[in-house]
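# Examination of the molecular architecture
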Amino acid sequence: MSDDCVFCQIIADEIPARVVHEDADTLAFLDATPMAPGHTLVIPKTHAATLADTPGDDATAVFETLHALAPTVEAAVDADATTIGFNNGTAAGQEVPHVHGHIIPRFADDDGGPLHVAAGTRPDVSDADLDATAADITDRLA
């Protein structure tokens, strides 16, 4: 727990939230500033600022909750689909420094775009650049 984290305060029941799911490891609640009706956040109960800071068991629990809730959220708001995502770090738009996954209901006429638009203009990346990046990632995993 982090005393200055709004999500930790929600977990501790110090700040109200519209909780839709709770288990031993995760909490899910409606986003207070939703991008769509039913926009739901899923967080681990253990404080971690980003995915890299999140222990594997907690990350697994968050994904399992996202997996279970997405179709339920879609059904509750009669959505055609959902976008699931993480803003991972301030440069990616993360506003609360407690890792959280978004379930954003999507509708055929919502004028939204795919996750690809989140990064702005697509860079001009050559095949050689792609090969070098793939090799660097693979090497770092070894």
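Residues numbered from 1 in each chain as written. Predicted model: local features only at pLDDT ≥ 70, side-chain atom pairs only at ≥ 80, totals over all residues. Heavy atoms only, no water.

An unreviewed UniProt entry lists the chain under the name Histidine triad (HIT) family protein, with Halobacterium salinarum as the source organism.

### Section: the overall build of the chain
Helix and strand content of the chain: 3 helices and 5 strands. Along the chain, helices (α) and strands (β) appear in the sequence α-β-β-β-α-β-β-α when read from the amino end. A burial count over the chain gives 32% of its 142 residues as buried. Taking contacts inside the chain between residues at least 6 apart in sequence as the whole, the part at least 24 apart equals 53%. For the chain, the separation between the mean place of its 5 positive charges and that of its 25 negative charges on side chains is 3 Å. (Helix = DSSP H or I, 4+ residues; strand = E, 2+ residues; numbered from the N terminus. Buried < 20%, exposed > 50% of the residue type's maximum accessible area, 1.4 Å probe, protein only. Contact = heavy atoms within 4.5 Å. Lys, Arg positive; Asp, Glu negative; His and termini not counted. Charge placed at Lys NZ, Arg CZ, Asp CG, Glu CD.)

### Some remarks on the pattern of salt bridges
Here the structure, examined in full by the defined rule, presents 3 salt bridges. Salt-bridge contacts for Lys45 lead to Glu22; the nearest nitrogen and oxygen are separated by 2.7 Å. Separated by 23 residues along the polypeptide, Lys45 in the loop between β3 (40-44) and α2 (56-77) and Glu22 in strand β1 (residues 19-22) bring together distant segments of the chain. Between Asp136 and Arg140 there is a salt bridge, and its shortest N-O distance comes to 3.0 Å. With Asp136 and Arg140 both in helix α3 (residues 127-141) and 4 residues apart, the pair spans about one turn of that helix. Under the relative-accessibility criterion, Arg140 is labelled exposed at 66%. (Salt bridge = Lys/Arg side-chain N within 4 Å of Asp/Glu carboxyl O.)

### Quick look at the UniProt feature "domain: HIT" (unreviewed entry) in the chain
In this structure's numbering, the residues bearing the UniProt feature "domain: HIT" (unreviewed entry) are residues 6-113. Across residues 6-113, helical content stands at 26% and strand content at 23%; the span's end C-alpha atoms are separated by 29 Å. (UniProt positions renumbered as here; feature names shortened; annotations may be inferred.)

### Structural notes on the layout of surface pockets
The gaps left among the atoms become clear once a water-sized probe is rolled over them. Roughly 880 Å³ of internal volume is contained in the largest pocket. Along the wall of the largest pocket there are 35 residues; nearest its centre are Met35, His39, Asn87, His102 and Ile104. When contributions to the lining of the largest pocket are tallied by element, the ones reaching two or more residues are α1 (6-11), β2 (26-30), β4 (81-85) and β5 (101-106). Each residue belonging to the lining of the largest pocket can be placed in one class, and the counts come to 19 nonpolar, 11 polar and 5 charged. (1 Å grid on protein atoms, 1.4 Å probe; cavity = no way out; pocket = protein on both sides within 12 Å on 5 of 7 lines; lining within 4 Å. Points joined across faces, edges and corners; volume = space filled by probe spheres on them. Nonpolar A, V, L, I, M, F, W, Y, C, P; charged D, E, K, R; others polar.)

### A short note on the sheet that holds β5
Across the sheet, 5 strands lie side by side as β1-β2-β3-β5-β4; this open sheet has antiparallel pairing. For this open sheet the edge positions go to β1 and β4, each flanked by a neighbour on one side alone. For this sheet, the mean inter-axis angle between neighbouring strands, taken without regard to orientation, is 20 degrees. Of the strand pairs in this sheet, β4 and β5 are connected by 5 bridges, and their pairing is antiparallel. From the neighbouring strand, Thr82 faces β5, where its bridge partner is Pro105. (Pairing = 2+ DSSP bridges. Axes fitted to C-alpha atoms, helices over the stretch in contact; angles between N-to-C directions.)

### Some thoughts on the packing of aromatic side chains
In this description, a pair of aromatic rings is defined by centroid distance and the angle of the planes. Taken as a whole, this structure holds 1 aromatic pair when the rule is applied. Seen from their ring centres, Phe7 and Phe29 are 5.4 Å apart, and the 75 degrees between their planes marks the pair as edge-to-face. Placement of the pair is Phe7 in helix α1 and Phe29 in strand β2, with a sequence separation of 22 residues. A relative accessible area of 5% places Phe7 in the buried class. (Phe/Tyr/Trp six-rings, centres within 6.5 Å; stacked < 30°, edge-to-face > 60°.)

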